[in-house]
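# What the coordinates show
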Amino acid sequence: MTEVAEDGTGTRLRVLADLVSDGDVVVLSGAGLSTESGIPDYRGETGRRRRAEPMTYQAFTGSEAARRRYWARSHLGWRHIARARPNAGHRAVAALQRRGLLAGIITQNVDGLQQAAGADGVIELHGALDRVVCLSCGERTPRTRLEERLRAANPGWEERVAAVSPEAVNPDGDAVLADAAVEQFRLVGCERCGGPLKPDVIFFGENVPPARVRDCYALTERAGALLVLGSSLTVLSGYRFVRHAARHGVPVAIVNRGATRGDGHALVTLDAPLGAALGALLGELDA
């Protein structure tokens, strides 16, 4: 087991283990859980290096040029998301679920890695990149099918553009790409109605479906504890569940690299790499 080297970690880890061992824990995970799989975040260390400017819902729906820019960049960046594999943190969460200690898992991530690690019943708060939705008829189709169609519509395009490194890819798969390459890219529409296609994720400026939010609120208020993993809680989308837990007297624990917006609500916080910290938590539970 990897040792987590930080002052006070041992005590905090024991408090966290005592909390988790009581069961009925709801996990709320963020981008920090996936950085060890090579997927960057928006606000952590990798996000600061890249100065990412994510696509907004208003820009995407309001402009074909914006959609062309998104799909060209996303088509190129998707390979990095698709080849990512679950890390020790994802596997630890799945292990906690197998032990019967979790009441539910809410993820802010769109990469599907928590499910790939073996977790069941995950609520994808912000949707998933491996699905595509038509903005006209609402039909949902696999991302793999869209990728086939985009390659057919743009023969040789990937070979003509410069190679993209993983550091140039945003968490939503949007890769850095020159304007000239974007202009050469051909879009495809919905196979059913011809309408514009969007990844089945919640963009910045877009609202999470109300029913999904209600499910998360209900899960949170019934929890024995809320365990936040790898989220700065900067945006209200995740932070509201921490506030909701606190209002209902549900203890909150946070494991993250750096301070978070929710630290003031937490019974215990642990500033440590997620894979090492969750591996240590499993070890503490076995002690």
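The paragraphs below set out a description of the structure included in this document.

## Points about the overall build of the protein
If you tally the helices and strands in the protein, you get 12 helices and 9 strands. Taken over 287 residues, the protein has a buried fraction of 52%. Counting contacts in the protein only where the partners sit at least 6 residues apart, residues at least 24 apart contribute 74% of the total.

## Some points on the environment of Glu139
If you trace the backbone, Glu139 turns up in the loop between β4 (127–134) and β5 (140–142). Apart from the residues lying within four places of it in its own chain, the contact partners of Glu139 are Val132, Val133, Cys134, Cys190 and Arg192.

## Examining the environment of Arg257
Looking at the element boundaries, Arg257 is found in the loop between β8 (252–256) and β9 (268–271). What makes Arg257 exposed here is its relative accessible area of 55%. Linking Arg257 and Leu270, residues 13 residues apart in sequence, is a C-alpha distance of 8.1 Å.

## Some words on helix α1 (residues 9–21)
With 13 residues, α1 extends 18 Å between its outermost C-alpha atoms, agreeing within 8% with the 18 Å of an ideal straight helix rising 1.5 Å per residue. Thr9, Leu13, Leu16, Ala17, Leu19 and Val20 are the residues of α1 that are buried. One side of α1 holds all its buried residues, which, seen down the axis, span an arc of 160°. Looking at the packing, one finds that the buried side of α1 touches β1 (25–29), α5 (88–98), β7 (225–229), β8, β9 and α12 (274–286). Two residues or fewer after α1 comes Gly23, characterised by a positive phi angle close to 80°.

## What to know about the pattern of salt bridges
Under the criterion given, the structure shown has 12 salt bridges. As a salt-bridge pair, Asp286 and Arg99 come within 2.9 Å of each other at their nearest N and O atoms. Separated by 187 residues along the polypeptide, Asp286 in helix α12 and Arg99 in the loop between α5 and β2 (102–107) bring together distant segments of the chain. For Asp286, a relative accessible area of 54% puts it in the exposed group. Taking relative accessible area as the criterion, Arg99 reaches 38% and is therefore assigned partly exposed.

## Digging into the packing of aromatic side chains
Aromatic rings considered in pairs are described by the distance between their centres and by the relative angle of their planes. The final tally for this structure, using the stated rule, is 6 aromatic pairs. On the basis of an interplanar angle of 70° and a centroid distance of 5.2 Å, the ring pair of Phe60 and Phe203 is categorised as edge-to-face. Residue Phe60 is located in helix α3 (residues 57–62), and its partner Phe203 is located in the loop between β6 (197–201) and α10 (210–221); the two are separated by 143 residues in the primary sequence. In terms of burial, Phe60 and Phe203 fall into one category: buried. A ring pair is formed by Tyr217 and Phe241, whose centres lie 5.2 Å apart and whose planes are at 65°; its orientation type is edge-to-face. Here Phe241 lies in helix α11 (residues 236–247) and Tyr217 lies in helix α10, a separation of 24 residues in the sequence. A residue is classified by how much of its surface remains accessible, and Tyr217, at 25% relative accessible area, is partly exposed. What links up through ring pairs into an aromatic cluster is the set Phe60, Tyr70, Trp71 and Phe203. Across the ring face of Trp78, the terminal group of Arg143 is positioned such that the distance to the ring centre comes to 4.4 Å. The positively charged end of Lys198 is found above the aromatic ring belonging to Phe203, 4.8 Å away from the centroid.

## Some points on the environment of Gly100
Within the secondary structure, Gly100 is located in the loop between α5 and β2. Taking the C-alpha atoms as reference points, Gly100 and Asp24, 76 residues apart in sequence, are found 8.2 Å from one another.

## Some thoughts on the sheet that holds β6
In any sheet, the strands associate via hydrogen bonds between backbone groups, in a parallel or an antiparallel arrangement. If you walk across this open sheet you meet the 3 strands as β5-β4-β6, and the pairing is antiparallel. Each having just a single partner strand, β5 and β6 make up the two edges of the open sheet. Geometrically, the sheet is characterised by an average inter-axis angle of 45° between neighbouring strands, direction not taken into account. Where β4 lies against β5, 3 bridges are found, and the strand directions are antiparallel.

Thresholds, definitions, all that
- Residues numbered from 1 in each chain as written.
- Predicted model: local features only at pLDDT ≥ 70, side-chain atom pairs only at ≥ 80, totals over all residues.
- Heavy atoms only, no water.
- Helix = DSSP H or I, 4+ residues; strand = E, 2+ residues; numbered from the N terminus.
- Buried < 20%, exposed > 50% of the residue type's maximum accessible area, 1.4 Å probe, protein only.
- Contact = heavy atoms within 4.5 Å.
- Expected span 1.5 Å × (residues − 1).
- Arc of directions from axis to C-beta.
- Salt bridge = Lys/Arg side-chain N within 4 Å of Asp/Glu carboxyl O.
- Phe/Tyr/Trp six-rings, centres within 6.5 Å; stacked < 30°, edge-to-face > 60°.
- Lys NZ or Arg CZ within 6 Å of the ring centre and 35° of its normal.
- Pairing = 2+ DSSP bridges.
- Axes fitted to C-alpha atoms, helices over the stretch in contact; angles between N-to-C directions.

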